[in-house]
Structure formats: structure tokens, C-alpha cells
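# Close look at the chain arrangement
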Amino acid sequence: MKLRIPKVFAVGAVAAAMLATTGCGGILGGGGDKTADSGPIKIAAVIPMSGSSAPTGVYMKNGMQLAVNEINAKGGVLGRQLALDLEDGACDPTQAAAAANKAVSNGAVISVGGYCSGATLPTLPIFSKANIPMIIPAANSQDLVNQKLPNVFLINGTGVQQAAAAVKFMVKDGMKTVALVDDNTSYSKDIAAETKKDLASEGSVKTALATSVTAGESDYSSVVHDIMGAKPDMVYWTGYYQEGGLIINQLKAAGYQGKIMVADGSVDPSLVTIAGAANAEGVLATMTQTPDTIKGAETWIADYTKAFGAAPGPYSTQSYDAVRVAAEAMKQAKSTDGDAVTKALTAIDGFQIFSGPLKFTPEHTLSNGGFQILAVQGGKFVLKDTLN
């Protein structure tokens, strides 16, 4: 989801450089290798285990491991145990590309990682070249979909779907003017641009300001000044919680009285910590399901908490489901061959995941993004509006 350097460099130069340094030997160990038919089935997971997004990476890792443990306890897949090959992408394009190449060299046959879209983008050609299917649990920029790679599948709602949900709520909530603020990353710009387009089509809510900030800074007084001058009814921040928390804090300090809504990359307890509990109270968010907003998830939450000693957080359920979908596709394919598994993923129809029965669209996305509106109450994100 996050991109700290220009997208063109991330997708082209980074991926090309990493493929060149790996050479052919690093590619043959992946999904096209039909000789590895014994021992554990290796599942690649390139997720942030260091850097500012590491807390989310922990949720994702634990969700994946819980699924692996459950599947292995029931006999595994194709008579073999699953093994999670965890690689730290750090939400950095260069490191993520190196991590993907390492997973390929390690013999992974399927990938279930992907949090920051900007870091996930350069891994796409690497896994595609190795004929390794990708089930992406969190990253959701339209840029991922636009690559039109047959081996790439998203089980999180897309930026287009998130923007539609945001506009639907803005209209429902009676907003007249909105300020859109992104962080210049692939993920964030995608949502902001789609929201602006949808607002123009809808007509009743005007875009008072559309601007970008530089991620990683600490002083956002310039954008706060611009927002205060535009006097919007709502600010929609489409970036991540690190910067989002600072912007909320500085907006409140400047006296902003309107509503603030954030996109899914900011739905994390750290947003409240950074913004300050009083400042974050009432902040809205567009988000797919989180463990505590899913009806009937109490047993799963208890199992997760017992296994890892802490409660699950954002993207733990999607990551859990990514492994389950991977296992189901290999079972249906009766193989770990990349082409066979990709064909099985395309044909999945009705497999139950947390968001509902799974059937991919022709673009390999979810037919229903499942976005809803959360709000911070008492320091926690809780469900406010299902938008049904």
C-alpha cells in the first residue's frame, strides 16, 4: 500500500534490477518447478516486519500462521505440510523486490503477502516470471489491477471501491464540501483521485481542496493552513496512520471543527496514539472488516489471542483467508504447479472467507469491496455504518 519513491521507478527499475541480480537460477525454484513434489509446501509472505508499518505486519503474520497451523493440523495440503516463508518487505520497493526474489529462490510456490501497494508493485513481475500465483490480502491500489497479470488476485476491496464507499457516506452524512489529502503514494493517490472523480459525478458534494503531502515529514503546517483556508465540512486523508495522526493533531491544534475521515491505511491503534486520544475521538474511516466488526468472529478472535498472546488487528483476517484460499486452490488443482493453481483460483466460486462467499471478478478482484464506515470511540475503531 505505501510508496516512498516514484511509482515508475518502483515498478520498472527496481524489479528489473532485482531480476537481473537474481538470474535464472533464482526463478526456477518457483511455481514453475514441477520436480519439488515432496517436503513442505512453501508459501511466500512478503510483508512489513520492520519500519513504520511493522505493527500491521505482525497482525498479518499471525493471521497467516494461524491458518497454516489449522490446515497442517488437519493433514496439510496434498499430503504435505504448509510452511510460511516470511520475508520482510519493510514497505520499501527495493527491499520488497529483494524479499520476493529470496522467496522464489527458497522454492515458494504461491504468495500470500502484500500490504503497501508501492512495495507490492515491484514484486508482481518477479512472482509472475517465476509462475507463482499471488493472493494479495491488503494492498489494493488500482495500479496492481492495471498490470493485468493472470496470476494476481486481490482479496481486499480496491481503491475504486473504497472511494465509492467514501462518497456514499459523504452524501449520506450531508457534507457539502470536502478536502482530499493524499501522501503521493500509489495507494493514497489512487483513492484520492477516484474520490474526486466520484464526487464530480455525484455532484452534490464539492471538492474544496485536493492536495498532496510528503510522507515521512513531521510538520504539516502548510497543508493545515490550506485546509483551514478552504473551510471544508470534511477532510478525507487517504494516506497512512503515521502521517495521518500528525495531520489530525495539527488540524485540531489549528482549531479545525469539521469532520475528519481516513482511509484504510490509517485504521490502526497507532493513529490514536499519534493524534492524541482527544483529537482522534470521532475520527471516521473507510475500512473493510476488522476482527471486532465481524459478526460471529468471537471464537476466531479467542483462538488468535490464545495462540499469539495478543488480540488480532487490521488485516489479520484477510491474511488468514489468503492462506486458506491458497490451500483451497492447490487442493482443487491437485497440484502446486503455478498454471494449475492460477486456473483453480480463477474458477473458485463460493469458497467461504470472512468477507463472504468468494468469487473473483474478471479483473481478479472482489465483486463487492465490503467497505464500511468505522469511527473512533473511546480510543478504538468501532463500526458506525455498514453502508447497506
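Residues numbered from 1 in each chain as written. Predicted model: local features only at pLDDT ≥ 70, side-chain atom pairs only at ≥ 80, totals over all residues. Heavy atoms only, no water.

## Brief notes about unusual backbone geometry
This is how the line gets drawn: Runs of E in the DSSP output that reach at least two residues are strands. Runs of H or I that reach at least four are helices, and both are numbered from the N terminus. Each residue gets one of three labels from its accessible area relative to the maximum for its type: buried under 20%, exposed over 50%, partly exposed in between, using a 1.4 Å probe on protein chains only.
With phi around 55°, cysteine 91 is a residue other than glycine that occupies positive phi space. As for its placement among the helices and strands, cysteine 91 is situated in the loop between strand 2 (82–88) and helix 3 (93–105). Unusually for a residue other than glycine, tyrosine 315 sits at a positive phi of about 70°. Topologically, tyrosine 315 is positioned in the loop between helix 13 (298–308) and helix 14 (316–333). Residue class for tyrosine 315 comes out buried when judged on its relative accessible area of 1%.

## A look at the nonpolar core
What counts here: In plain words, nonpolar cores are sets of buried Ala, Val, Leu, Ile, Met, Phe, Trp, Tyr and Cys residues tied together by side-chain atoms within 4.5 Å. Throughout, a contact is declared for two residues whenever any of their heavy atoms are within 4.5 Å.
Leu82, Val112, Phe127, Met170, Tyr236, Met261 and Val323 are the most contacted members of the largest nonpolar core, which totals 117 residues. At 8 residues, the largest contribution of residues to this core is made by helix 14. Those residues in contact with valine 112, other than ones at most four positions away along the chain, are Ile43, Ala44, Ala45, Met64, Leu84, Ile135, Pro137, Ala322, Val323 and Ala326.

## A few points about the packing of aromatic side chains
Short version of the rule: Stacked, tilted and edge-to-face pairs are distinguished by plane angle, under 30 degrees for stacked and over 60 for edge-to-face with tilted covering the rest, among Phe, Tyr and Trp rings (Trp via its six-membered ring) whose centres lie within 6.5 Å.
In the structure shown here, the tally under the stated rule is 9 aromatic pairs. Here the aromatic rings of tyrosine 187 and tyrosine 240 are separated by 4.9 Å at their centres, their planes lie at 55°, and the arrangement is tilted. Highlighted residues: tyrosine 187 in helix 8 (residues 186–202) and tyrosine 240 in the loop between strand 8 (234–237) and helix 10 (241–253), separated in sequence by 53 residues. Of the two residues, tyrosine 187 and tyrosine 240, neither departs from the other in class, the shared state being buried. Relative to phenylalanine 354, the ring of tryptophan 300 lies with its centre 5.4 Å away and its plane at 80°, an arrangement referred to as edge-to-face. Here tryptophan 300, found in helix 13, pairs with phenylalanine 354, found in the loop between strand 11 (349–353) and strand 12 (356–359); they are 54 residues apart in sequence, far enough to count as distant. For tryptophan 300, a relative accessible area of 8% puts it in the buried group.

## Digging into the state of the cysteines
Rule in force here: When the sulfur atoms of two cysteines come within 2.5 Å, that pair is taken as a disulfide.
Inspection of the entire model under this criterion finds 1 disulfide. Here cysteine 91 connects covalently by a disulfide to cysteine 116, the sulfurs 1.7 Å from one another. Looking down the S-S bond of the cysteine 91 and cysteine 116 bridge, the torsion is 75°, so its handedness is right-handed. Here cysteine 91 is found in the loop between strand 2 and helix 3, whereas its partner cysteine 116 is found in the loop between strand 3 (110–111) and helix 4 (117–120), with 25 residues between them in sequence. Like cysteine 116, cysteine 91 is buried.

## Topic: the pattern of salt bridges
Charged atoms that come close allow side chains of opposite charge to pair. Using the following cut-off: Between Lys or Arg on one side and Asp or Glu on the other, a salt bridge is scored when a side-chain nitrogen of the former is within 4 Å of a carboxyl oxygen of the latter.
Tallying each qualifying case throughout the model produces 6 salt bridges. Residues aspartate 385 and lysine 172 are paired through a salt bridge, measuring 2.7 Å at the closest nitrogen-oxygen approach. Of this pair, aspartate 385 sits in strand 14 (residues 380–385) while lysine 172 sits in helix 7 (residues 159–172), and the two are 213 residues apart along the sequence. The exposure class assigned to lysine 172 is exposed, which follows from its relative accessible area of 53%. As a salt-bridge pair, lysine 197 and glutamate 194 come within 3.3 Å of each other at their nearest N and O atoms. With lysine 197 and glutamate 194 both in helix 8, this residue pair falls 3 residues apart, about one helical turn. On the basis of relative accessibility, which here comes to 48%, the residue lysine 197 falls in the partly exposed class. Exposure remark for glutamate 194: the relative accessible area of 15% places this residue in the buried category.

## Describing the packing of helix 9 (residues 221–230) against helix 10
Inclusion rule: In this analysis, axes come from line fits to C-alpha atoms, helices being fitted only over the stretch in contact, and the angle between any two N-to-C directions falls in the range 0 to 180 degrees. Reported orientations rely on four angle classes, namely roughly parallel under 35 degrees, roughly antiparallel over 145, roughly perpendicular from 65 to 115, and oblique for the rest. We call a crossing left-handed when the near helix sits turned anticlockwise from the far one by less than a right angle, and right-handed when that turn is clockwise.
For the pair helix 9 and helix 10, the least separation of the axes is 10 Å and the interaxial angle reads 55°. Our classification of the angle between helix 9 and helix 10 gives oblique. Read as a crossing pair, helix 9 and helix 10 show a hand that is right-handed. From helix 9, Ser221, Val224 and Ile227 reach across to helix 10, where they touch Ile247, Gln250 and Leu251.

## Thoughts on the environment of methionine 175
Along the polypeptide, methionine 175 turns up in the loop between helix 7 and strand 6 (177–182). The class for methionine 175 is buried, based on a relative accessible area of 8%. Measuring from C-alpha to C-alpha, the distance between methionine 175 and valine 205 comes to 6.3 Å, with 30 residues separating the pair along the chain. Contacts of methionine 175, omitting those with residues within four sequence positions, involve Met170, Ser204, Val205, Asp233, Met234 and Lys259.

## Thoughts on the pairing of strand 14
Our working rule: Here, strands pair whenever DSSP counts at least two bridges between them.
Pairing analysis gives 5 bridges linking strand 13 (residues 372–377) to strand 14, with the strands arranged antiparallel. Note on strand 14: the bridge partner recorded for glutamine 377 is lysine 380. What sits between strand 13 and strand 14 in their antiparallel hairpin is a turn of 2 residues, with glycine 378 showing a positive phi close to 60°.

## Quick word on the pairing of strand 13
Extensive coverage of strand 13 is indicated by the burial of 5 of its 6 residues. Here strand 10 (residues 284–287) pairs with strand 13 via 4 bridges, running antiparallel. Looking at the pairing, methionine 287 lines up with glutamine 372 of strand 13.

## Regarding the UniProt feature "domain: Leucine-binding protein" (unreviewed entry) in the protein
Definition in use: UniProt positions are given in the numbering used here, feature names are shortened, and annotations may be inferred rather than shown by experiment.
Mapped onto this numbering, the UniProt entry gives "domain: Leucine-binding protein" (unreviewed entry) at residues 40–377. Its end C-alpha atoms 44 Å apart, residues 40–377 is made of 45% helix and 18% strand.

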